[in-house]
Amino acid sequence: MTTTKHKFKKVIFTIDSDYEELVEAVGLDYSKNGYDLKIKIFLDDEEFKRFYSKDEVEFCSNTLNYELGESCSEVHIYNPSKKDYLEYEID
């Protein structure tokens, strides 16, 4: 069995869609799902260690900003797919 060491983590924060204008102004990659915005970002190991918190509001605030963080309701952390590496030119 081969294990792959990823240099990045894909993090998806779920925040309230009331912040869509701010998210667009900042230029974050997001999708809209009902009343939620799913913001996708990639953090390297150092950034992940610096920003991570078990509390989703604190993690989002540390990573993005306090205003967006206070409406964060969910966080998902993944290893990036091959498509992510190509599409977002990470590595």
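Here is a short report on the structure shown in this document. As the structure is a prediction and not an experimental result, all values here were calculated from the model.

**Points about the packing of aromatic side chains**
For the structure on display, the rule yields four aromatic pairs. Seen in terms of ring centroids, Phe 13 and Phe 59 are 5.2 Å apart; in terms of plane orientation they differ by 70°. Their pairing is edge-to-face. Of the two residues, Phe 13 sits in strand S1 (residues 8-16) while Phe 59 sits in helix H3 (residues 56-63), which places them 46 residues apart along the sequence. Each member of the pair, Phe 13 as well as Phe 59, carries the same accessibility label: buried.

**Considering the pattern of salt bridges**
According to the stated counting rule, one finds four salt bridges in the structure shown. A salt bridge links Asp 84 to Lys 10; the nearest nitrogen and oxygen atoms lie 2.9 Å apart. Taken together, the residues span a long stretch of sequence, with Asp 84 in helix H5 (residues 82-87) and Lys 10 in strand S1 at a distance of 74 residues. With relative accessibility at 4%, the residue Asp 84 sits in the buried group. The partner of Glu 74 in a salt bridge is Lys 38, with the nearest N and O atoms 3.6 Å apart.

**Considerations on the side chain of Lys 10**
The exposure class of Lys 10 is buried, given its relative accessible area of 14%. Excluding residues that lie within four positions of it along the chain, Lys 10 makes contacts with Lys 40, Ile 41, Phe 42, His 76, Ile 77, Tyr 78, Pro 80 and Asp 84.

Conventions adopted
All residue numbers refer to position in the chain's written sequence, counted from 1. With the structure being a predicted model, the display of local features is reserved for residues of pLDDT at least 70 and the display and counting of side-chain atom pairs for 80 or more, all residues being used for whole-chain, interface and lining totals. Note that the side-chain values use all heavy atoms of the structure and ignore hydrogens as well as water. Note on aromatic pairs: the rings of Phe, Tyr and Trp (six-membered ring only in Trp) are paired at centre separations within 6.5 Å, and the planes decide the class, stacked below 30 degrees, edge-to-face beyond 60, tilted for the rest. Helix numbers and strand numbers start at the N terminus; a helix is a DSSP run of H or I with at least 4 residues, a strand a run of E with at least 2. Buried, partly exposed and exposed residues are distinguished by accessible area as a fraction of the type maximum, computed with a 1.4 Å probe on protein chains only: under 20%, between the cut-offs, and over 50%, respectively. Each salt bridge in this description consists of a side-chain nitrogen of Lys or Arg and a carboxyl oxygen of Asp or Glu lying within 4 Å of one another. By definition in these notes, contact holds between two residues if any of their heavy atoms fall within 4.5 Å.

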